[in-house]
Amino acid sequence: MAIPDDIQEYVEKNIKLMISQTETYLPIIKIVFPYSKNLADGIYNLIVGSAISVFINQYAMRMKYPTAEDFSEFAKIAYKYRDKIDQFFK
């Protein structure tokens, strides 16, 4: 079973919003965390952590549970934004 289109759209909008916010705050992030070795990993983890919450809440509002396959699909959705986040820190 694939993730319903409306849930996928909602999750992707959330990820894109957080990426745009990261881009806006990038100068501050680099100043506040000058000794961090890999800020891209930290930012990616924060974004995915937020997105998984949105993902699960969307299912909960429908009184359903995501399956293992749904979580696998979520991972694919999130991973396709990884390179964009990496580019901020190169």
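As the structure is a computational prediction, the values presented were derived from the model and not from experiment.

(A) Fine view of unusual backbone geometry. You will see that Met63, though not glycine, has its phi angle at about 55 degrees, which is positive. Counting through the fold element by element, Met63 comes out in the loop between α2 (39-61) and α3 (68-79).

(B) Representation of α2 in the model. Between its first and last C-alpha, α2 extends 33 Å over 23 residues, near the 33 Å set by a 1.5 Å rise per residue. Those residues of α2 not exposed but buried are Leu39, Ala40, Ile43, Tyr44, Ile47, Val48, Ala51, Val54, Phe55, Gln58 and Tyr59. Structurally, α2 contributes buried residues whose contacts are with α1 (5-32), α3 and α4 (82-88). The positive-phi residue at the C-terminal boundary of α2 is Met63, with phi of around 55 degrees.

(C) Representation of α3 within the structure. With 12 residues, α3 extends 17 Å from end C-alpha to end C-alpha; this agrees with the ideal 16 Å at 1.5 Å per step. When we look at burial in α3, the residues that qualify are Asp70, Phe74, Ile77 and Ala78. Within α3, the buried residues cover an arc of 95 degrees as seen down the axis, which keeps them to one side. Of the exposed residues in α3, the ones pointing more than 90 degrees away from its buried face are Ala68, Lys76 and Tyr79.

(D) Main features of the nonpolar core. Core analysis: the largest hydrophobic core is formed by 24 residues, its most contacted members being Val11, Ile15 and Phe74. Every element with two or more residues in this core is listed here: α1, α2, α3 and α4. Examining the composition of this core, we find that 10 residues originate from one element, α2, more than from any other. If near-sequence neighbours (up to four positions away) are discounted, Phe74 is found in contact with Ile3, Val11, Val48, Ala51, Ile52 and Phe55.

(E) Region of interest: the side chain of Thr22. Tracing the backbone shows Thr22 in helix α1. For Thr22, a relative accessible area of 8% gives the class buried. Setting aside chain neighbours within four positions, we find Thr22 in contact with Ile29, Ile43, Ile47 and Phe88.

(F) Structural context of the packing of aromatic side chains. Taken as a whole, this structure holds 3 aromatic pairs when the rule is applied. Ring plane angle 70 degrees and centroid distance 5.1 Å describe the contact between Phe55 and Tyr59, whose orientation is recorded as edge-to-face. Taken together, the residues Phe55 and Tyr59, both in helix α2 and 4 residues apart, mark about one turn of the helix. In this structure, Phe55 and Tyr59 share a single accessibility class: buried. Measuring from ring centre to ring centre gives 5.4 Å for Phe55 and Phe71, while their planes differ by 70 degrees; the resulting arrangement is edge-to-face. You can see Phe55 sitting in helix α2 and its partner Phe71 sitting in helix α3, a full 16 residues away along the chain. Following the ring pairs from residue to residue traces out a cluster consisting of Phe55, Tyr59, Phe71 and Phe74. The ring of Tyr44 has Arg82 lying over it, and the distance from NZ or CZ to the ring centre is 4.7 Å.

Thresholds, definitions, all that
Within each chain, residue numbers correspond to sequence positions counted from 1 in written order. Residue-level local features of this predicted model are given only where pLDDT is at least 70; pairs of side-chain atoms are given and counted only at 80 or more, and the full residue set underlies all totals for whole chains, interfaces and linings. For side-chain calculations, the full set of non-hydrogen atoms in the structure is used, while hydrogens and water are omitted. In this text, helices come from DSSP runs of H or I with a minimum length of four residues, and strands from runs of E with a minimum of two, each type numbered from the N-terminal end. Helix span, expected: 1.5 Å multiplied by one less than the number of residues in the helix. Only protein chains enter the accessibility calculation, which uses a 1.4 Å probe; a residue whose area is less than 20% of its type maximum is buried, one above 50% is exposed, and one in between is partly exposed. Residues count as neighbours in contact if any of their non-hydrogen atoms are within 4.5 Å of one another. Regarding the arc, it is the one traced by the directions from the helix axis to the C-beta atoms. For the purposes of this section, nonpolar cores are sets of buried Ala, Val, Leu, Ile, Met, Phe, Trp, Tyr and Cys residues that join through side-chain atoms within 4.5 Å. Note on ring pairs: Phe, Tyr and Trp rings are taken, using the six-membered ring of Trp, and paired if centres are within 6.5 Å. Classes follow the plane angle, with under 30 degrees stacked, over 60 edge-to-face and the rest tilted. We count a charge as sitting over a ring when the NZ of a lysine or the CZ of an arginine lies within 6 Å of the ring centre and within 35 degrees of the ring normal.

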